[in-house]
Amino acid sequence: MPDRQFSDPRLADLYDLGNAGSEDRDFYLRLPKHAPEDILDLGCGTGLLSKAFARRGHRVVGVDPAAAMLDVARRDPQPANVEWVGATSESYRSDRRFDLIIMTGHAFQVLLSDQQILQTMQTFAHHLKPRGMVVFETRNPALDWDAVWAREYTVATKHGPVRAIRRMTDSSRAPDYLSFAWDYHFPDTTLTSDSTLRFPSQTEISVFAEMAGLAISDVMGDWDGSKFDQKSSGEMIFKLQHKGA
């Protein structure tokens, strides 16, 4: 089940307000080489990136398991060349094939089991055109995320200011897992969303990709396209293609 911050309509309304950064979105928007391309956005959330691609002339399918997030995506006027689908990255299947498949916002890290990762890789492989490309990011597991994970911000809403505070809850499950909670302080109540993320290694991702018939063509460490450095890079941004493509 999606975390409460995605499944609760009141929290879904806050998502875009608390995630205003554009560096990663600009990176993904630069990926298509020509228009129109067929693009699959897995874990599309409120659809900001899907709609941005569609407005540039691309044909887009946005997939997300959280109905509340898709409700936000459908709310505003949008291009006709975007389709919304309620499904997980593991379960989504269609007859369509795509030039570009993306999974942004570190959504890959909500895949907690080996089976979920493998099934998602199989979704990539099943829907990717012969010379297509998969791009997604996950955080570098070599860094000490416990030390930098605390965060808070306040956003203005029509119901008044909402203060959001992220705190660690339990990082002892396993070395490559991290658990935390967001406390959302509304004027009339406080809502809490608990989350656990997995931090797979580059080697693990390579193994799962190969099992699905995919190969890593590049690993970047930042949104400027610089190469991944295990000691210092915060991101691992993967490009995958069919083997032999």
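Please refer to the structure higher up on the page.
Residues numbered from 1 in each chain as written. Predicted model: local features only at pLDDT ≥ 70, side-chain atom pairs only at ≥ 80, totals over all residues. Heavy atoms only, no water.

Focus on the nonpolar core
Condition: To form a nonpolar core, buried Ala, Val, Leu, Ile, Met, Phe, Trp, Tyr and Cys residues must be joined to one another through side-chain atoms within 4.5 Å. Only protein chains enter the accessibility calculation, which uses a 1.4 Å probe; a residue whose area is less than 20% of its type maximum is buried, one above 50% is exposed, and one in between is partly exposed. Put simply, DSSP H or I for four residues or longer makes a helix, DSSP E for two residues or longer makes a strand, and each gets a number counted from the N terminus. Residue contacts are counted whenever heavy atoms from the two residues lie within 4.5 Å of one another.
The biggest cluster of nonpolar side chains holds 31 residues, and the ones touching the most others in it are Tyr92, Met121, Phe124, Phe136 and Leu240. Counting residues per element, the ones that place at least two in this core are strand S1 (38-42), strand S2 (59-64), strand S4 (98-103), helix H7 (114-127), strand S5 (128-139), helix H9 (202-211), strand S10 (214-220) and strand S11 (235-242). With five residues, the single largest contributor to this core is H7. Among residues more than four places away in sequence, those in contact with Phe124 are Leu42, Ile101, Met103, Val134, Phe136, Leu214 and Leu240.

Comments concerning the sheet that holds strand S8 (residues 177-185)
Filter applied, for reference: Pairing between two strands is assigned when DSSP locates at least 2 bridges connecting them. Inter-axis angles, ranging from 0 to 180 degrees, are taken between N-to-C directions of lines fitted to C-alpha atoms, where helices are fitted over the stretch in contact.
Read from one edge to the other, the open sheet built from four strands follows the order S6-S7-S8-S9, with strand pairing classed as antiparallel. Looking at the sheet topology across the chains shown, the edges are occupied by strand S6 (151-157) and strand S9 (190-198). The average undirected angle you get between the axes of adjacent strands in this sheet is 20°. By the bridge criterion, seven bridges tie strand S7 (residues 160-170) to S8 in an arrangement that is antiparallel. Looking at the pairing, Asp170 lines up with Ser179 of S8.

Some thoughts on the layout of surface pockets
As a reminder, the rule being used: Cavities and pockets were defined on a 1 Å grid built from protein atoms only: a cavity is a group of points that admits a 1.4 Å probe but offers it no way out, a pocket is an open group of points flanked by protein on both sides within 12 Å along at least five of seven lines, and a lining residue is one with an atom within 4 Å of any such point. Grid points are joined across faces, edges and corners, and a volume is the space filled by probe spheres set on the points.
One number sums up the size of the second largest pocket: a volume of about 340 Å³. The wall of the second largest pocket is formed by 17 residues, among which Ala12, Asp13, Leu14, Leu17 and Arg75 lie closest to the centre. Listed by contribution, the elements that provide at least two residues to the lining of the second largest pocket are helix H2 (9-12), helix H3 (15-18), helix H5 (48-55) and helix H6 (67-75).

Any functional reading would require information beyond the geometric quantities listed.
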